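Letter by letter, the chains look like this.
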Amino acid sequence: MDVGLRQFVIDAWSWLSYKPVMADAGRPGNRAFPELAASWLPPHELRRLAAYKVLASYDNNQAGQLSAAAGDEAALERRELGDAANLVDTALGYLLGSDQQISVAGAEHADEEAPEPGAMQAAAAQERLRKWAEKELLTLRIQQAERNAVLLGDSVYVLAWNQDKQRPTLRVYDPGFFFPQWDDEQDQDFPSRVHLAWELPEDPDVGLKARVRRVTYELGPISEDDESAVRQYPWEPGRPSNVTCYLTDAEWLIEDLKRGESLDRLPMDKASFRVRPDGTVLDRVDLMIDFVPVIHITNSIPDGGEHWGRSAIARVLQGLDELAATDSDSSAASATTGTPIIGLAGARLPVDRATGKPEQLKVEAGAVWQLGDSGRMDALDTSPQLAELRSRVEHLLDRIASNSRITAAGLGTLDAADVPSGYAFKLALAPLDALVGAMRLAREHKYRLLFKMVQRLFQAGRAEGWMAGESFSARLAWAPHTPTDRAAVLEEVVQAYGAGVLSLETAVQMLMDAGYPIDDASQEVARIRAKAEQEVAVRLAEAAARRGEPDEEDPEGEGDPAGKSGGAVGQGTERVPEPVGV
């Protein structure tokens with residue numbers, strides 16, 4: 001017997017189960033998101049896609065409209081003032097810091113007098129990667145991808161070799177287009193098959209019907225007919241491999257798809273394959289690489305057995321709902337406070353001559369009402385309620401800042417009078433420091449993987465300067481997310497380097513992390529050493545001059561007009577020039 005109980009589900013998106021649009025675990029959001037009813041969508045992906053749409057509605061101040069679409073018509077009056085977007089942008093700013101830089105391990109030792117083995121090659125690879133990042137607008141791509149990750153919990157990068165540009169291209173995709181295919185029988189860190197799929201609307205003007213596009217990257221044997229076929233990739237010399245990556249890009253008409261033909265079972269006999277400008281039909285095209293060039297970024301470290309991240313605002317959505325409701329109540333209360341409700345007794349009301357009924361009075365400047373001898377006017381004072389609502393708004397903001405771990409100090413709403421010392425302020429930022437540390441840790445390996453793929457695509461494309469060999473270990477270095485005491489860091493570096501407990505490279509890196517305007521650590525180290533050598537040479541020359549020894553560049557003393565003035569100079573006396581013409 002159906003007793004009308006809602007399904008109780010615990011998964012990666014359980015924090016959204018309080019929303020009516022997420023109540024149906026099988027087909028969530030059918031009323032609010034009719035596009036999720038498409039037959040080609042895998043059923044097990046629907047909760048994830050519905051969660052993305054709910055989060056996007058908060059970011060665009062449309063959470064009230066979403067609730068109204070689910071049946072709560074009163075939610076249309078909800079006031080949303082951008083608090084969710086502010087949380088996302090603030091978390092994104094702290095995550096990225098002021099700058100991001102590609103760093104290759106060992107490159108900082110390239111300018112030493114006796115560089116370590118491989119340091120010169122690492123420095124060259126670092127320079128080439130940075131030039132690639134500049135051409136591919138990597139900083140912009142990171143901003144695009146990371147905002148998706150912070151807001152939705154996930155983001156996707158896709159790399160591809162561009163023959164015309166002779167470099168890998170980097171594109172950012174909405175995580176709602178990302179459908180990895182995991183093999184449950186194997187313990188895999190990365191999927192061997194990935195779909196990027198989205199629906200294309202019909203266009204009656206040009207005669208195009210609604211269709212779905214699917215781009216598939218799949219690892220498979222080099223030859224299906226000959227399992228012994230192998231290939232040696234330039235990044236693994238001496239290690240033959242029988243695996244390669246295939247690319248398929250095709251479209252299907254929605255009307256041609258039948259029930260049960262979901263994303264991974266689309267009929268290939270009804271596919272329309274896309275064609276490259278060079279005429280290549282994108283039907284299982286061999287990319288000549290042994291990896292899937294798709295990188296999935298998560299905002300948080302996934303739980304065991306999960307692959308998806310969590311949004312920065314996931315656990316405070318109910319707080320944001322409460323804040324929007326309180327803002328709405330505060331707006332209504334402010335209306336009655338500014339234009340109060342007034343009760344009149346014994347007043348002579350004007351009469352509408354057409355209807356014969358008393359006219360409704362309005363509270364406005366300059367209004368005069370005639371009252372009788374026993375007349376009375378009472379105004380409804382709602383200012384105490386308005387003050388209470390405003391106090392509740394401040395309480396909710398503090399609660400949201402605390403539970404999101406961005407903190408009031410991180411949001412800039414902390415009163416300076418509440419911070420007795422710099423140490424107290426540092427303690428107030430401790431949850432934010434832990435949050436940023438966890439977010440950056442979740443991305444550390446993924447960006448290392450991205451730069452490894454970039455190097456391998458350069459090698460596969462036989463680009464100039466990229467020789468065969470193992471890829472260098474490159475990482476994305478983040479700038480400090482909070483202001484640092486640069487004077488204290490400078491003093492610490494000077495003392496530690498002077499005492500010999502820090503190398504010059506480490507000292508310069510510490511200054512870079514503190515926010516000093518140093519573009520490249522290795523170049524800065526080279527400039528410091530060159531200046532030090534120049535100062536040593538000047539001091540040696542001055543010491544030689546005081547001892548009366550000839551300069552190495554002028555051993556005979558020919559640079560001296562008097563020929564014998566070296567002794568006088570060595571005694572510290574001033575040489576008097578001879579008169580002209582004598």
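It should be emphasised that the depicted structure is a prediction, and the values quoted were computed from it without experimental measurement. (Residues numbered from 1 in each chain as written. Predicted model: local features only at pLDDT ≥ 70, side-chain atom pairs only at ≥ 80, totals over all residues. Heavy atoms only, no water.)

1. With respect to the overall build of the chain
Then comes step 1: Looking only at helices and strands, one finds 14 helices and 13 strands in the chain.
Then comes step 2: Relative to its full complement of 582 residues, the chain shows a buried share of 37%.
Then comes step 3: Nonlocal contacts in the chain, meaning residues at least 24 apart in sequence, comprise 64% of its contacts between residues at least 6 apart.
Then comes step 4: On the chain, roughly 34000 Å² of surface is accessible, and the fraction owed to carbon and sulfur atoms is 51%. (Helix = DSSP H or I, 4+ residues; strand = E, 2+ residues; numbered from the N terminus. Buried < 20%, exposed > 50% of the residue type's maximum accessible area, 1.4 Å probe, protein only. Contact = heavy atoms within 4.5 Å. Areas by Shrake-Rupley, 256 points an atom, 1.4 Å probe, with all protein chains shown as cover.)

2. A closer look at the sheet that holds strand S3 (residues 167-173)
Then comes step 1: Here we have three strands laid out as an open sheet, ordered S3-S2-S10, and antiparallel in their pairing. In the strand order of this sheet, the two ends are held by S3 and strand S10 (294-298), each with one partner. Here the strands of the sheet are splayed against their neighbours by 25° on average, with no regard to which way each runs.
Then comes step 2: Seen against the sheet, helix H10 (residues 430-460) touches strand S2 (154-162), S3 and S10 and runs at an angle of roughly 165° to S10. (Pairing = 2+ DSSP bridges. Axes fitted to C-alpha atoms, helices over the stretch in contact; angles between N-to-C directions.)

3. Examining the side chain of Lys446
Then comes step 1: For Lys446, the location among the structural elements is in helix H10.
Then comes step 2: For the buried Lys446, no salt bridge is present, and the opposite-charge side chain at shortest range is Asp154, 7.8 Å distant.
Then comes step 3: Excluding anything up to four places from it in sequence, Lys446 contacts Ile295, His296 and Ile297. (Lys, Arg positive; Asp, Glu negative; His and termini not counted. Salt bridge = Lys/Arg side-chain N within 4 Å of Asp/Glu carboxyl O.)

4. Digging into the pattern of salt bridges
Then comes step 1: Throughout the structure, instances matching the rule amount to 24 salt bridges.
Then comes step 2: Where Arg211 meets Glu251, a salt bridge forms, and the shortest distance between an N and an O atom there is 3.2 Å. Residue Arg211 is located in strand S6 (residues 211-221), and its partner Glu251 is located in strand S7 (residues 243-253); the two are separated by 40 residues in the primary sequence. Glu251 carries the same exposure label as Arg211, and that label is buried.
Then comes step 3: Note that Glu251 is salt-bridged to Arg274, the shortest N-O span being 2.5 Å. Pair noted here: Glu251 is in strand S7 and Arg274 is in the loop between strand S8 (272-273) and strand S9 (285-286), with a separation of 23 residues, a long-range link.
Then comes step 4: With a relative accessible area of 13%, Glu251 lands in the buried category.
Then comes step 5: Linked through salt bridges whose partners overlap, the residues forming this network are Arg193, Glu218, Glu224, Asp264 and Arg284.

5. Some remarks on the pairing of S3
Then comes step 1: Both S2 and S3 contribute to a ladder of seven bridges, which runs antiparallel. Looking across to S3, one finds that Leu159 is bridged to Leu170.
Then comes step 2: The antiparallel hairpin formed by S2 and S3 contains four residues in its connecting segment, where Gln166 sits at a positive phi of about 55°.

6. A look at the nonpolar core
Across soluble globular proteins, you tend to see nonpolar side chains buried next to one another.
Then comes step 1: If you look at the biggest cluster of nonpolar residues, it comprises 107 residues, and the most contacted ones within it are Trp132 and Ile313.
Then comes step 2: The leading source of residues in this core is H10, at twelve residues.
Then comes step 3: Counting ten residues, the second largest nonpolar core, distinct from the first, contains Val489, Val508, Leu511 and Ile518. (Core = buried A, V, L, I, M, F, W, Y, C linked by side-chain atoms within 4.5 Å.)

7. What about the packing of helix H5 (residues 138-152) against H10?
Then comes step 1: Running from N to C, H5 and H10 point in directions that differ by 135°, and their axes come no closer than 13 Å. Put simply, H5 runs oblique to H10. At the point where H5 passes H10, the crossing takes the right-handed sense. Residue-level inspection shows Leu138, Ile142, Glu146, Ala149 and Val150 of H5 in contact with H10, the latter providing Met439, Arg443, Tyr447 and Phe451. (Parallel < 35°, antiparallel > 145°, perpendicular 65-115°, else oblique. Left-handed = near helix turned anticlockwise from the far one by under 90°.)

8. Things to note about helix H12 (residues 504-513)
Then comes step 1: Among all positions in H12, only Leu504, Glu505, Ala507, Val508 and Leu511 are buried. Buried residues of H12, viewed axially, fall in a sector of 165°; they line one side.
Then comes step 2: Backbone geometry just after H12 places Gly515 at a positive phi near 105°. (Arc of directions from axis to C-beta.)

9. Points about H10
Then comes step 1: When the terminal C-alpha atoms of H10 are compared, their 45 Å separation across 31 residues agrees well with the 45 Å that a helix rising 1.5 Å per residue should span.
Then comes step 2: At Glu444, H10 is deflected by roughly 35°, the largest bend along its length.
Then comes step 3: Just beyond H10, the residue with positive phi is Arg462, at close to 55°. (Expected span 1.5 Å × (residues − 1). Bend = angle between axes of the 7 residues up to and from the residue.)

10. Regarding the environment of Ala387
Then comes step 1: Here Ala387 is to be found in helix H7 (residues 383-403).
Then comes step 2: The exposure class of Ala387 is partly exposed, given its relative accessible area of 47%.
Then comes step 3: Note: C-alpha distance between Ala387 and Ser330 (57 residues apart in sequence) is 8.7 Å.

11. Some words on the packing of aromatic side chains
Then comes step 1: In this structure the tally under the stated criterion is ten aromatic pairs.
Then comes step 2: Here the aromatic rings of Phe178 and Trp308 are separated by 6.0 Å at their centres, their planes lie at 75°, and the arrangement is edge-to-face. Of this pair, Phe178 sits in strand S4 (residues 178-181) while Trp308 sits in the loop between S10 and helix H6 (317-338), and the two are 130 residues apart along the sequence.
Then comes step 3: Take Phe178: its relative accessible area is 3%, and that puts it in the buried class. (Phe/Tyr/Trp six-rings, centres within 6.5 Å; stacked < 30°, edge-to-face > 60°.)

12. Concerning the environment of Ala56
Then comes step 1: On the secondary structure map, Ala56 appears in helix H1 (residues 46-59).
Then comes step 2: For Ala56, a relative accessible area of 27% gives the class partly exposed.
Then comes step 3: In the structure, Ala56 is positioned 28 residues away from Ala84 in sequence and 9.8 Å away in space, judged by C-alpha atoms.

13. Thoughts on the confidence of the model for the chain
Then comes step 1: Here the chain shows a mean pLDDT of 83. Residues at 70 or above account for 86%.
Then comes step 2: Mean pLDDT values over the elements of the chain span from 41, in helix H14 (residues 565-570), up to 97, in S3.
Then comes step 3: The low-confidence segment residues 1-5 (pLDDT under 50) makes zero contacts with residues lying over four places distant or belonging to another chain.
Then comes step 4: Note on residues 559-582: pLDDT under 50 across the span, and ten contacts to partners over four residues away in sequence or across chains. (pLDDT = per-residue confidence, 0-100.)

14. Thoughts on the packing of H12 against helix H13 (residues 521-547)
Then comes step 1: For the pair H12 and H13, interaxial distance at closest approach is 10 Å and the crossing angle is 120°. By the angle between their axes, H12 is oblique relative to H13. Seen along the crossing, H12 lies across H13 with a hand that is right-handed. Seen from H12, the contacting residues are Leu504, Glu505, Val508, Gln509 and Met512; seen from H13, they are Ala521, Glu524, Val525, Ile528 and Arg529.

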